[in-house]
Amino acid sequence: MSSRFAPRPTRTTVRGGATTLRGAAQRPAATTQRADATTVPRPTPATRRPAATTRHRTWTPPAPLDLALTLGPLRRGPADPTFRATPDGSVWRATRTPEGPATLRVALRAGTAEADAWGQGADWILDQLPRLLGAEDSPADFTARHRLVAHTERRRPGLRLTRTGLVLESLIPSVLEQKVTTDEAYRAWRLLVRAYGEPAPGPTPAQARMHVMPDPATWRHIPSWEWHKAGVDNKRAATILRAVRVADRLEEAAAMAPEAARARLELVPGIGPWTSAETVQRSNGAPDAVTVGDLHLPGIVGYALAGEREADDARMLELLAPYQGQRHRAARLVLLSGHTPPRRKPKMPKTDIGLL
């Protein structure tokens, strides 16, 4: 039975990137074809928004690709206004590129990624498509050292580490996730993006209410009471405001080596090792950027690899040492295994400072 039906995602596997895509398009397909890509304009059908010119590109990955696992880490909660997965197996992203807002729709058809894009940044996002789908990732460099990790790797052959090339869109939601529950962080991201972002260009899914996140100038002008209403305390809000003031310098980190990128990010007060790792995992596709300072990850890794539910950061790093250079991938495979210690105490309580 378990071989026919995939288990439902849990909070742990979702953190590892598990995202449900319906339809055959989600299944990874092995291929030996040479990677090929073309970018051509496509006429906009009359049923779509009249001002949205569609750009199209296809790209054939040289190895199996699981679209849901690869792009899943970019989703910030089930109601993320910048991310949608539709029943036809497509993933939609609304993003702010260096050339302006863009909407991307990508799906796998017979092993080929087919992408459409709209908006000022359409050409930029299509140029980045192979990197977004893990073209610069090297899973062959990874060797499983634990039975659980090896088993999960076999079950998830299409896992690739995405590289968005965009820093702020990963940095800001990561700051919002500092020392609060994920539900609180997702709510804050959703409220702020919908209130101050702009509607995503192009024919987004019906009733999806997709939005592009605000630009740096808009983030700087959000009133203090709006941060409060979204449940964001002064410390996290101040960190985001400091970051957007040097947005151009931070975006340069996407082209740096991961360690240099993390050092650049951590120059901003309020951004530490946890936040920088969570950011470069997505913006730079960093395979070794293991997250330290996390409330749950050390215990999950410790329990999965050594049966130690009370493991701390030092112990987690010790257990992940055999995966040096690929520690983030190893941690993701542990999360995707769903092997977590039994809960012994209630969940962390939610606090909505907007009600205070």
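**Quick look at the packing of helix α14 (residues 297–306) against helix α15 (residues 313–320)**
Move 1: As a packed pair, α14 and α15 sit with axes 9 Å apart at the nearest point and diverge in direction by 45 degrees. Classified by the interaxial angle, the pair formed by α14 and α15 is oblique. Seen from above, α14 lies across α15 with left-handed handedness. Facing α14, whose interface residues are Leu 297, Pro 298, Val 301, Gly 302, Leu 305 and Ala 306, α15 presents Asp 313, Arg 315, Met 316, Leu 319 and Leu 320.
Move 2: Residues that form the contact of α14 with α15 fall into these classes: eight nonpolar, one polar and two charged.

**Some remarks on the nonpolar core**
Move 1: One finds Leu 168, Leu 171, Trp 219, Trp 227, Val 232, Ile 240 and Leu 250 to be the most contacted residues of the largest nonpolar core, which totals 32 residues.
Move 2: Of all the secondary-structure elements, those providing two or more residues to this core are α6 (168–176), α7 (182–196), α10 (234–245), α11 (247–251) and α12 (258–265).
Move 3: Leaving out residues up to four positions away in the same chain, Trp 219 has contacts with Ile 172, Trp 189, Leu 192, Met 213, Pro 214, Trp 227, Ile 240, Leu 241 and Val 244.
Move 4: Grouped together as the second largest cluster of nonpolar side chains are 22 residues, Leu 65, Leu 74, Ala 117 and Leu 132 included.

**Here's the deal with unusual backbone geometry**
Move 1: Positioned with a positive phi, Lys 179 is a non-glycine residue whose angle comes to about 55 degrees.
Move 2: Along the chain, the position of Lys 179 falls in the loop between α6 and α7.
Move 3: Within the chain, Arg 209 stands out as a residue other than glycine whose phi angle is a positive 50 degrees.
Move 4: One can find Arg 209 in the loop between β7 (198–199) and β8 (211–212).

**Things to note about the environment of Glu 198**
Move 1: With respect to the helices and strands, the residue Glu 198 is situated in strand β7.
Move 2: Glu 198 sits 15 residues away from Met 213 along the chain, and the two C-alpha atoms are 7.0 Å apart.
Move 3: Within polar-contact distance, the side chain of Glu 198 engages the side chain of Arg 96 at 2.7 Å.

**Things to note about helix α16 (residues 327–337)**
Move 1: Judged by how many residues are buried, α16 sits mostly within the fold: 10 of 11 residues are covered.
Move 2: Looking only at α16, the buried set comprises Arg 327, His 328, Arg 329, Ala 330, Ala 331, Arg 332, Leu 333, Val 334, Leu 335 and Leu 336.
Move 3: Looking one or two places after α16, you find Gly 338, whose phi comes out positive at around 75 degrees.

**Section: the packing of aromatic side chains**
Working definition: an aromatic ring pair is given by the centre-to-centre distance plus the angle between the planes.
Move 1: Taken as a whole, this structure holds four aromatic pairs when the rule is applied.
Move 2: With a centroid separation of 5.6 Å and 5 degrees between ring planes, the pair formed by Trp 92 and Trp 118 is classed as stacked. In this pair, Trp 92 is assigned in strand β4 (residues 91–97) and Trp 118 in strand β6 (residues 112–118), connecting sequence segments 26 residues apart. The pair formed by Trp 92 and Trp 118 is uniform in burial state, with each residue classed as buried.
Move 3: For the ring pair Trp 219 and Trp 227, a centre distance of 5.9 Å and an interplane angle of 25 degrees mean the geometry is stacked.
Move 4: Residue class for Trp 219 comes out buried when judged on its relative accessible area of 0%.
Move 5: Taking relative accessible area as the criterion, Trp 227 reaches 3% and is therefore assigned buried.
Move 6: Through a chain of ring-to-ring contacts, the aromatic side chains of Trp 189, Trp 219 and Trp 227 assemble into a single cluster.

The rules behind these values
- Residues numbered from 1 in each chain as written.
- Predicted model: local features only at pLDDT ≥ 70, side-chain atom pairs only at ≥ 80, totals over all residues.
- Heavy atoms only, no water.
- Axes fitted to C-alpha atoms, helices over the stretch in contact; angles between N-to-C directions.
- Helix = DSSP H or I, 4+ residues; strand = E, 2+ residues; numbered from the N terminus.
- Parallel < 35°, antiparallel > 145°, perpendicular 65-115°, else oblique.
- Left-handed = near helix turned anticlockwise from the far one by under 90°.
- Contact = heavy atoms within 4.5 Å.
- Nonpolar A, V, L, I, M, F, W, Y, C, P; charged D, E, K, R; others polar.
- Core = buried A, V, L, I, M, F, W, Y, C linked by side-chain atoms within 4.5 Å.
- Buried < 20%, exposed > 50% of the residue type's maximum accessible area, 1.4 Å probe, protein only.
- Polar contact = N/O pair within 3.5 Å; in protein donor to acceptor, adjacent residues only side chain to side chain.
- Phe/Tyr/Trp six-rings, centres within 6.5 Å; stacked < 30°, edge-to-face > 60°.

Spatial relationships are all this shows, so hold off on functional conclusions.
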